[in-house]
Amino acid sequence: MIDSDAGRAEFWDARYSESERIWSGNPNTALVREVAGLRPGTALDLGCGEGADTIWLAQRGWRVTATDISAVALERAARHAEEAGVADAVAWRRLDLAVSFPDGEFDLVSAHYLHSPGDLPREEILRRAASAVAPGGVLLIVGHAGLPPWEHTTHDGVSLPTPQEVLDSLDLPTGEWEVQRCEEFERTQNDPEGRPATRTDNVLRVRRLPV
């Protein structure tokens, strides 16, 4: 059980130190599908990891503020952005979102797979994410709908709510938001042995109505 702010940072630094690349290096499929048609502006990537989503956004004209709790992940992400030629379009911020949150408003706020063992106040963080969306902007939340086929128990404290439960927990003011998508979807992910398997995830996309 991770029971402190320092413990969360140590956990994720250790996780990213296990190998030179933890994730695929490709942007999340839901991000590509949901954002490809949006007009580029300012974006906030919460829990950016090794930076694949951030880099994809920057390559398409977005100016991105990217946050993560892990210094190891951020150093790696910054290097990847430099290699991709988009370093000038990204501001990297090391933050524990349970403790602090970026200032400002953004045209897109993206939170993909913001799950962590231990006492992570996920609902509170996502409500702060909603408050950071500028009028006319979009909040995109993607999470796991259940365990992968090769696992049988969740990690301590990890919550896997339905998309409707995520929407309800945001407590969005009536008449100020438009729900554009709230559903489950399937995607392919390799298991620990490299074999493709099907996972069910969920996506919530809501738009703050213009003033």
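Residues numbered from 1 in each chain as written. Predicted model: local features only at pLDDT ≥ 70, side-chain atom pairs only at ≥ 80, totals over all residues. Heavy atoms only, no water.

Engineer: I would appreciate a short explanation of the overall build of the protein chain in the present structure.
Structural biologist: Within the protein chain, the regular secondary structure consists of six helices and seven strands. Going from N to C terminus, the protein chain has its helices and strands arranged as α-α-β-α-β-α-β-β-α-β-α-β-β. Each of the 211 residues in the protein chain was classed as buried or not, and the buried ones make up 47%. The contacts in the protein chain between residues at least 6 apart in sequence include a share of 71% that link residues at least 24 apart. On the protein chain, roughly 10,500 Å² of surface is accessible, and the fraction owed to carbon and sulfur atoms is 45%. (Helix = DSSP H or I, 4+ residues; strand = E, 2+ residues; numbered from the N terminus. Buried < 20%, exposed > 50% of the residue type's maximum accessible area, 1.4 Å probe, protein only. Contact = heavy atoms within 4.5 Å. Areas by Shrake-Rupley, 256 points an atom, 1.4 Å probe, with all protein chains shown as cover.)

Engineer: Just checking my understanding: could you explain the packing of aromatic side chains for this structure?
Structural biologist: When we look at a pair of aromatic rings, we describe it by the centre distance and by the angle of the planes. Going through the model one piece at a time under the given rule, you end up with zero aromatic pairs. In this structure, Arg-33 packs its charged tip against the face of Phe-185, placed 4.9 Å from the ring centre. (Phe/Tyr/Trp six-rings, centres within 6.5 Å; stacked < 30°, edge-to-face > 60°. Lys NZ or Arg CZ within 6 Å of the ring centre and 35° of its normal.)

Engineer: Just checking my understanding: could you explain the pattern of salt bridges for this structure?
Structural biologist: Note that side chains of opposite charge can pair when their charged atoms are close. With the rule as written, the count across this model stands at seven salt bridges. When the shortest N-O distance is used, the salt bridge between Arg-207 and Glu-178 registers 3.5 Å. One end of the pair, Arg-207, is in strand 7 (residues 196–208); the other, Glu-178, is in strand 6 (residues 177–190), with 29 residues separating them in the sequence. You can call Arg-207 partly exposed: its relative accessible area is 24%. A single salt-bridge network, built from bridges that share partners, covers Arg-33, Glu-34, Arg-181, Glu-183 and Arg-205. (Salt bridge = Lys/Arg side-chain N within 4 Å of Asp/Glu carboxyl O.)

Engineer: Any chance you could explain the pairing of strand 3 (residues 90–94) here in plain terms?
Structural biologist: In summary, the side chains of a regular strand alternate between the two faces of the sheet. Pairing of strand 2 (residues 63–68) with strand 3, which is carried by five bridges, proceeds in the parallel orientation. Bridged to Thr-67 within strand 3 is Arg-93. Taking the sense of rotation as the criterion, the β-α-β connection linking strand 2, helix 4 (residues 71–84) and strand 3 turns out right-handed. (Pairing = 2+ DSSP bridges. Right-handed = clockwise from strand over helix to strand, strands pointing away.)

By themselves, these observations are geometric and do not establish any function.
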